[in-house]
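# Survey of secondary and tertiary structure
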Amino acid sequence: MIPIARPVIGEEEKQAVLAVLESGMLAQGQQVRAFEEAFAEYCGVKYAVATSSGTTALHTALLAHGVGPGDEVITTPFTFIASANSILFTGARPVFVDIEEDSYNINPTLIEEKITSRTKAILPVHLYGNPCDLEAIMTIADRHGLIVIEDACQAHGASVHGKKVGSFSTGCFSFYPTKNITTAEGGMITTNDDGVAERARLIRQHGMRKRYYHEVLGYNFRLTDIQAAIGLAQLGKLPEWTAKRIANARYLTERLPNVVTPTVRDGYVHVFHQYTIRVNGDRDAAVEKLNAAGIGTAIYYPIPVHQQPVYRQLGYHDSLPVAERVSRQVISLPVHPALTLAELDRIVSEVNRL
Ligand SMILES: Cc1ncc(COP(=O)(O)O)c(C=O)c1O
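Residues numbered from 1 in each chain as written. Predicted model: local features only at pLDDT ≥ 70, side-chain atom pairs only at ≥ 80, totals over all residues. Heavy atoms only, no water.

### Topic: the side chain of T190
Secondary-structure assignment places T190 in strand β9 (residues 187–191). Assessed through its relative accessible area of 0%, T190 is described here as buried. Residues contacting T190, with those up to four places away along its chain left out, are F39, C43, V45, Y47, A48, G166, S169, T170, G171 and F173. (Helix = DSSP H or I, 4+ residues; strand = E, 2+ residues; numbered from the N terminus. Buried < 20%, exposed > 50% of the residue type's maximum accessible area, 1.4 Å probe, protein only. Contact = heavy atoms within 4.5 Å.)

Following this line, the structure appears as structure tokens:
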């Protein structure tokens, strides 16, 4: 089976972990600081604050921006549930806006009709590694005095006209094993805002600047030095892996004329966390055939967030037709940097045989 994702852990990561284990300093320390500095530089921002996951990065970023009970946060229904749940964790309410037909990202032309006096923030998601229309979203946010928190959990290194995602406002990244780089579990907040960075550091560590003096309500959302050491080694390889993902995606797109392939706007760099096609007809049968032929697939995501049972129980009954339709049509194919040419050719021939 050609797997849908294959984390690449080499000698450098193993040696880095061993060095941390031998140092005896395992929790958040030197390695975390070094990883934060390197990641901030990579994204072109002043600060990066490491957290225990992408979910806790989003939760912390929202809290650091003062989002809380009574607030509304506009987001996309077509995402991993953590994007919306992180809003609920703060006591605020996610408000869903339908997606674009081509990018599958939040549709900026539909945002303004959902803005109310309670709207505090917009939380767009760069789905599959494809940047949102950030220029339009930032313009709307500026016009209405709203905060923007980018969910860049799938989009390490993606950019719009040369500017990396996560640097337009406050960004949140995940380092889960399937992501473009991994720390096993881990997350990162990126920002140019001194106050947000400072509050995020407090919130991830029980509101504590000075030992056992707790200024605000905080959590244990820390990354460990073991994880940060892996992250530092992975970050060095990210540009090469991203180039390979983009090349693999191009190879597939040039050879798959019969399905809807991903679109990339002029001036946008899509980093292909996922390579996602759309099929008409029986998707389950298509997935079954591909799997039987040894092609790993995944459905991101089969049910939009507003239709998930937990959101139904919360009283969500929106009608978001594009997200609902697209969620029944998408199939993600392997695109990771460890794919060989022979594997790419197998994917092409099996998809074209459908
Ligand atoms: C779009 C999106 N948001 C948030 C998350 C949450 O990240 P994590 O799994 O590291 O908590 C993920 C990762 O799965 C994601 O894909």
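### Considering the site of the ligand
Close contacts around the ligand come from 16 residues, with T55, D151, Q154, S174 and K179 the closest. Contact distances for the ligand include 2.7 Å between a nitrogen atom and a side-chain N or O atom of D151. Here S174 contributes a side-chain N or O atom positioned 2.7 Å from an oxygen atom of the ligand. Out of a free accessible area of 390 Å², the ligand has 92% covered by protein chains. Listed by contribution, the elements that provide at least two residues to the shell around the ligand are α3 (54–64) and α4 (82–89). (Near = heavy atom within 4 Å. Polar contact = N/O pair within 3.5 Å; in protein donor to acceptor, adjacent residues only side chain to side chain. Areas by Shrake-Rupley, 256 points an atom, 1.4 Å probe, with all protein chains shown as cover.)

### Examining the packing of α3 against α4
Running from N to C, α3 and α4 cross one another at 40°; their axes reach a closest spacing of 9 Å. In terms of axis orientation, α3 runs oblique to α4. The two elements α3 and α4 cross, and the hand of that crossing is right-handed. Listed contacts from α4 to T55, L58, H59 and L62 of α3 are A82, S83, S86, I87 and F89. The residue inventory of the contact of α3 with α4, partitioned by class, reads five nonpolar, four polar and no charged. (Axes fitted to C-alpha atoms, helices over the stretch in contact; angles between N-to-C directions. Parallel < 35°, antiparallel > 145°, perpendicular 65-115°, else oblique. Left-handed = near helix turned anticlockwise from the far one by under 90°. Nonpolar A, V, L, I, M, F, W, Y, C, P; charged D, E, K, R; others polar.)

### Digging into the pattern of salt bridges
One pass over the structure, following the stated rule, counts 16 salt bridges. Among the salt bridges present, the one from R118 reaches E72, with a minimum N-O distance of 3.1 Å. Remark: E72 occurs in strand β2 (residues 72–75) and R118 occurs in the loop between β3 (93–96) and β4 (119–123); sequence separation between them is 46 residues. Exposure remark for R118: the relative accessible area of 45% places this residue in the partly exposed category. A salt bridge links E350 to R353, with the nearest nitrogen and oxygen atoms 2.8 Å apart. One end of the pair is E350 and the other is R353, both in helix α11 (residues 341–353) and three residues apart, which spans about a single turn. Judged by relative accessible area, E350 falls into the buried class, the value being 15%. Salt bridges here are not isolated pairs; linked through shared partners, they connect E12, E13 and K237. (Salt bridge = Lys/Arg side-chain N within 4 Å of Asp/Glu carboxyl O.)

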